[in-house]
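Residue strings, one per chain:
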4 protein chains.
Amino acid sequence: MKSNTAPWIFTASCPSIIGTVDVVTRYMAQAGNYIDEIHSFDDRESGRFFIRIEFLPQHADFSGEVFKAEFAERAAEFDMDWSLTAPNHKQKVAIMVSKYDHCLNDLLYRFRTGQLNIDVTVIISNHPDLEDLAKWHGIPYYHLPITAETKLEQEAQVRALIEQYDTELVVLARYMQVLSPGMCEYLDGRAINIHHSLLPGFKGARPYHQAWEKGVKMVGATAHYVNNDLDEGPIISQGIQVVNHAQYAEDLIAKGQDIERVTLFNAVKCHVEKRVFLNGKRTVVFGG
Amino acid sequence: MKSNTAPWIFTASCPSIIGTVDVVTRYMAQAGNYIDEIHSFDDRESGRFFIRIEFLPQHADFSGEVFKAEFAERAAEFDMDWSLTAPNHKQKVAIMVSKYDHCLNDLLYRFRTGQLNIDVTVIISNHPDLEDLAKWHGIPYYHLPITAETKLEQEAQVRALIEQYDTELVVLARYMQVLSPGMCEYLDGRAINIHHSLLPGFKGARPYHQAWEKGVKMVGATAHYVNNDLDEGPIISQGIQVVNHAQYAEDLIAKGQDIERVTLFNAVKCHVEKRVFLNGKRTVVFGG
Amino acid sequence: MKSNTAPWIFTASCPSIIGTVDVVTRYMAQAGNYIDEIHSFDDRESGRFFIRIEFLPQHADFSGEVFKAEFAERAAEFDMDWSLTAPNHKQKVAIMVSKYDHCLNDLLYRFRTGQLNIDVTVIISNHPDLEDLAKWHGIPYYHLPITAETKLEQEAQVRALIEQYDTELVVLARYMQVLSPGMCEYLDGRAINIHHSLLPGFKGARPYHQAWEKGVKMVGATAHYVNNDLDEGPIISQGIQVVNHAQYAEDLIAKGQDIERVTLFNAVKCHVEKRVFLNGKRTVVFGG
Amino acid sequence: MKSNTAPWIFTASCPSIIGTVDVVTRYMAQAGNYIDEIHSFDDRESGRFFIRIEFLPQHADFSGEVFKAEFAERAAEFDMDWSLTAPNHKQKVAIMVSKYDHCLNDLLYRFRTGQLNIDVTVIISNHPDLEDLAKWHGIPYYHLPITAETKLEQEAQVRALIEQYDTELVVLARYMQVLSPGMCEYLDGRAINIHHSLLPGFKGARPYHQAWEKGVKMVGATAHYVNNDLDEGPIISQGIQVVNHAQYAEDLIAKGQDIERVTLFNAVKCHVEKRVFLNGKRTVVFGG
């Protein structure tokens, strides 16, 4: 389309069957919406269909609510999971962090400069160190310390804050505490974690030290959805950096931080742009 | 779709206007075709629309000819340039080469092993060196020497061979002769060239030597469609390789060859899979 | 060596001739210095020799001044340009910036967290926008506006500040004003600029727009020493990012910023670690 | 140095102690050898020193034998493992392969065109498929079938051929049989294997299928020395390729082949250029 108007985003997924594309495009045509981009994928292994459409309504009286009401029936026919997102909808994001600030610093920069179209509403940490950084950005900061004994209590406080701030997405930006199964369940599908290795290699603790000992020639990072298995959630994005024999564990850590930052950013960006779809243990990412 | 059946490929491009997606998906639905993948792009700058669909006919009596006849009217309404390609259609490809054989060797390997779904019907060279390689692959080889004086004559012979072998795509796999304007025009839109630099840097001759003198820290290659301007045709694919001070021009040449091979392969693969669309001086490449 | 002691750094370059390695290693041995790493390169084209050594003195009374006095004679024999840098010497760095803050933000982060072993003493800008960021880091900020008429005057003020802060390195972190020849000369050899394209492509203004028009499939950045030719100084480091047809100029700009940040950081890091040597129009970079 | 003369290569490694660089450079100076490049590394963790020197003898009567005799004493003082390699020494290489020919095809191409300075003396396979390819290159081909029962017998035949052809390096170019412990021991330190994943991820069988199931966004390959642990030998080189949801296992296999080829080539090249040093479970690679 000629202009720079931000589009509405429609997404859907359902069992693969003939007619899934047509039911959507037909409705778009009837509603007089201009399709700016359409992208679909049919997974022959999982038997599931995925579609993402960016569109520009042409009728002045276009209403997201009306769209939702009208499309609901059609969607039900195909057993679709689907969503409609208004232009420039800023997801409310809560960031959880421990001491390492490189990912937090990068996300806040992207937020501040508009590269990430989100609203960072709250920063939660088990340490006090990063309060200054949050202050400078004018974002509420909660220091919730944690020990083995107070873990479940602390997680309850975290959940309370997540609710209080109407959080849509939680980003674990090098939050180093292992979440309890209950917490993973609570966050299922709406939390992205950055693990500082190229999964499935080097799961768990101190992956850069493991990497150095193994003598790998690349280090990497993986951004994935949180689920019950530690470091096992569906992968959204990965990145790598070449390393050599002259780099010790602390050098791998330093180099790895750059990869973590950009990999987490990519994943969050794809998520808020509704480009990511869960597909069993995997993900479909359109244009990521 | 559940099976591994190779899909039919539909492509179209036309001026951006509402209804371009719908006219296609409506027809697909009416004809009972299963859309395996749909991808469109609307270029707000050039005001042009592009779409590519992989589909699996569901009716036993599906006919490409009938599709073409039925869709022609709809296409005309939107002033579409469009194409329909049968599953596993192997484009007839003529490869032109001079002395360097790395690209030719790679393309023949991909052809031989089925990675490139093409039919290499003829190899044309201004040198005799690579005849053995062609022979081993059982492909006709024509040695057509060329000098400044005999250029137009030689090009006429090349065109004759291109016609003789019903060529759909010409691949200039490090064919080092500069084509005459007439030859460029003849090949317009159906010839891919590999230039051994990351255009627009280092056009013309001896790009690796130019690169070494400039002291760049990366060398690259560019695969593009042939048009009238030397090294200026629409870019399809690019690749790079990191280099350092310890590499002289001959080392850059050696390293560059790997990039040339894979870049040219990528471009040819995207072209034969109908993923590439001309968009003014640029290209749209779906899933490249 | 067993410990984590930071090493002294010795560098030298001179015309290629037999004995250049030996004169250095012999002196190191006599002085009882432990060589932690030695790396040399002999450029057969420019006929110049380069060497870099990280060493740990073993004698408690080791003195950099004594080393310099003792080695001076030997160096003179070979017409060496050479330097000796104490462990953890933090170069005094002045950063010049305009409005875009991504490179500045990144450098300050690296400085703040110790990843870049420098002392950012002053930030100079022709705009007032980034004063807040400088304040939060506790670094003096000077807003020196500039117009075509006041250019030479403004540059004189910049030079005064560079002197005032005993600057060793000037980093042009997306400082968008074209420097006068006199300013380039003044900065020769001690100023690093980041140009937002993969030189030699897209020199000058608006390289991302040029890149978009050309339809390239990669955008890049180049960090280089400032000299008299616009965007022509010896290249230190380059980086690229893959792009596609769906990205307009503003998207290339956004993507490019990530490459600019890391490329500039790499170059500054290599420079302060004395890994970079001028070699005519090119550079030698050990372990970059 | 001014000319293009190929250099002699000296390598050594020993326990870290003062004097290891000097003993070598002093000898080089006394022998009147021109050092074209020197590179050392001191691993503070393993306490081991590594050095590689490319040099050009200046005396017409230089003799490798004399060098070896003279340096032996000095080397013994430091308990050095060391080697001296004549210019353009072509290591005799035996390639083992099963059915997949992409790595073999690539190595033979590099050999044929001189990019790999080796002498491929024999190709051994447990299948007959690739005999034609070997024939065209004029290299003896041995088809040695293998079953669970005949394994040790077949391995004895392989060893006999390795001996018969004075093999210095064995390259397992997608040789799919698991070697017995005895065979691994026999090959220890002089056999390079390509594993089609980015180790330590996806060890063992069908790594691309494992990768697809895991939903990773990158596939890779690892070239490593063979030792007793399956896929655990010291890593020499690694490479990756980005993949997405639209690629099934067979697509990952196809894409992965390109990475395997270039990764194996890199590793073999580094090995024959004496750039690789064993360092416990890891490797030091100079200029790789």
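Per an unreviewed UniProt entry, chain A goes by Formyltetrahydrofolate deformylase and derives from Marinomonas profundi. Per UniProt, the comment on chain A under Function (unreviewed entry) is "Catalyzes the hydrolysis of 10-formyltetrahydrofolate (formyl-FH4) to formate and tetrahydrofolate (FH4)." Annotation of chain A in UniProt includes, under Pathway (unreviewed entry), the sentence "Purine metabolism; IMP biosynthesis via de novo pathway; formate from 10-formyl-5,6,7,8-tetrahydrofolate: step 1/1."

A look at helix H5 (residues 151-164) of chain C
Residue and element names in this part refer to chain C. For H5, which comprises 14 residues, the first-to-last C-alpha distance of 20 Å matches the rise-based estimate of 20 Å (1.5 Å per residue) to within 8%. The complete set of buried residues in H5 reads Gln154, Glu155, Val158, Leu161 and Ile162. Take H5 and look down its axis: the buried residues cluster within an arc of 115°, on one side only. Of the exposed residues in H5, the ones pointing more than 90 degrees away from its buried face are Leu152, Glu153 and Gln164. Turning to H5, the residues buried within the fold contact strand S5 (91-97), strand S6 (118-125), strand S7 (141-143), strand S8 (169-172) and helix H6 (181-187). Phi turns positive, to about 50°, at aspartate 166, one or two residues after H5.

Regarding the UniProt feature "active site" (unreviewed entry) in chain A
In the UniProt entry, the feature "active site" (unreviewed entry) is given for Asp231 of chain A. Structurally, aspartate 231 of chain A can be placed in the loop between strand S10 (218-225) and strand S11 (235-242). Sequence-distant contacts of aspartate 231 of chain A, that is, excluding residues within four places in its chain, are made with Asn193, His195, Leu199, Lys203, Gly204 and His224 of chain A together with Lys214 of chain D.

Overview of the relation of the copies chain A and chain D
Overlaying chain A with chain D gives an RMSD of 0.0 Å, the required rotation being 180° about an axis along which the chain moves by 0.0 Å. These values place the two chain copies in the arrangement generated by a two-fold rotation axis. For chain A, the residue whose C-alpha comes nearest the rotation axis is glycine 201 of chain A, separated from it by 2.3 Å. Comparing contact sets, 100% of the residues at the interface of chain A also lie at the interface in chain D, consistent with an isologous, same-surface contact.

Thoughts on the environment of glutamate 54 of chain D
Mapped onto the fold, glutamate 54 of chain D is located in strand S3 (residues 48-57). Distance from glutamate 54 of chain D to alanine 86 of chain D, taken between C-alpha atoms, is 10 Å for residues 32 residues apart in sequence.

A word on the sheet that holds strand S6 (residues 118-125) of chain D
Residue and element names in this part refer to chain D. Sheet architecture is open: seven strands sit in the order S7-S6-S5-S8-S9-S10-S11, paired in mixed fashion. Since the sheet does not close on itself, it has two edges, and those belong to strand S7 (141-143) and strand S11 (235-242), each with one partner. Here the average twist between neighbouring strands, direction ignored, is 20°. Judged from the seven bridges that link them, strand S10 (residues 218-225) and S11 form a sheet pairing that is antiparallel. Note that in S11 the partner of threonine 222 across the bridge is glutamine 238.

Here we look at the interface of chain A and chain D
Taken together, the contact pairs 35 residues of chain A with 35 residues of chain D. Taken over both partners, the interface formed by chain A and chain D buries close to 3,000 Å², and the fraction arising from carbon and sulfur atoms is 60%. On the chain A side of the contact with chain D, Lys214, His245 and Arg282 of chain A bury the most area, a combined 24% of that side's loss. Viewed at the interface, chain D and chain A are joined by four salt bridges. The shortest N-O distance in the salt bridge between arginine 44 of chain A and glutamate 250 of chain D comes to 3.0 Å. Run the count over chain A and chain D and you get 16 residue pairs in polar contact (both at pLDDT 80 or more). Elements supplying a minimum of two residues to the side of chain A that touches chain D: strand S2 (33-43), helix H7 (207-214), S11 and strand S13 (282-285) of chain A.

Regarding the sheet that holds strand S9 (residues 191-195) of chain B
Residues and elements named next belong to chain B. Strand order across the open sheet formed by seven strands is S7-S6-S5-S8-S9-S10-S11, with mixed pairing between neighbours. What marks the edges here is a single partner per strand, and that holds for strand S7 (141-143) and strand S11 (235-242). Sheet twist, expressed as the mean angle between neighbouring strand axes with direction ignored, is 20°. Two strands pair when backbone bridges link them, and strand S5 (residues 91-97) and strand S8 (residues 169-172) are joined in this way by four bridges, in the parallel orientation. The residue of S8 that forms the bridge with valine 93 is leucine 169. Those strands touched by helix H3 (residues 102-112) are S5, strand S6 (118-125), S8 and S9, and its axis lies near 155° from that of S6.

Quick notes on the rules
Residues numbered from 1 in each chain as written. Chains lettered and ligands numbered in written order. Predicted model: local features only at pLDDT ≥ 70, side-chain atom pairs only at ≥ 80, totals over all residues. Heavy atoms only, no water. UniProt positions renumbered as here; feature names shortened; annotations may be inferred. Helix = DSSP H or I, 4+ residues; strand = E, 2+ residues; numbered from the N terminus. Expected span 1.5 Å × (residues − 1). Buried < 20%, exposed > 50% of the residue type's maximum accessible area, 1.4 Å probe, protein only. Arc of directions from axis to C-beta. Contact = heavy atoms within 4.5 Å. Least-squares fit on C-alpha atoms with pLDDT ≥ 70 in both. Pairing = 2+ DSSP bridges. Axes fitted to C-alpha atoms, helices over the stretch in contact; angles between N-to-C directions. Buried area = accessible area lost by both parts, 1.4 Å probe. Salt bridge = Lys/Arg side-chain N within 4 Å of Asp/Glu carboxyl O. Polar contact = N/O pair within 3.5 Å; in protein donor to acceptor, adjacent residues only side chain to side chain.

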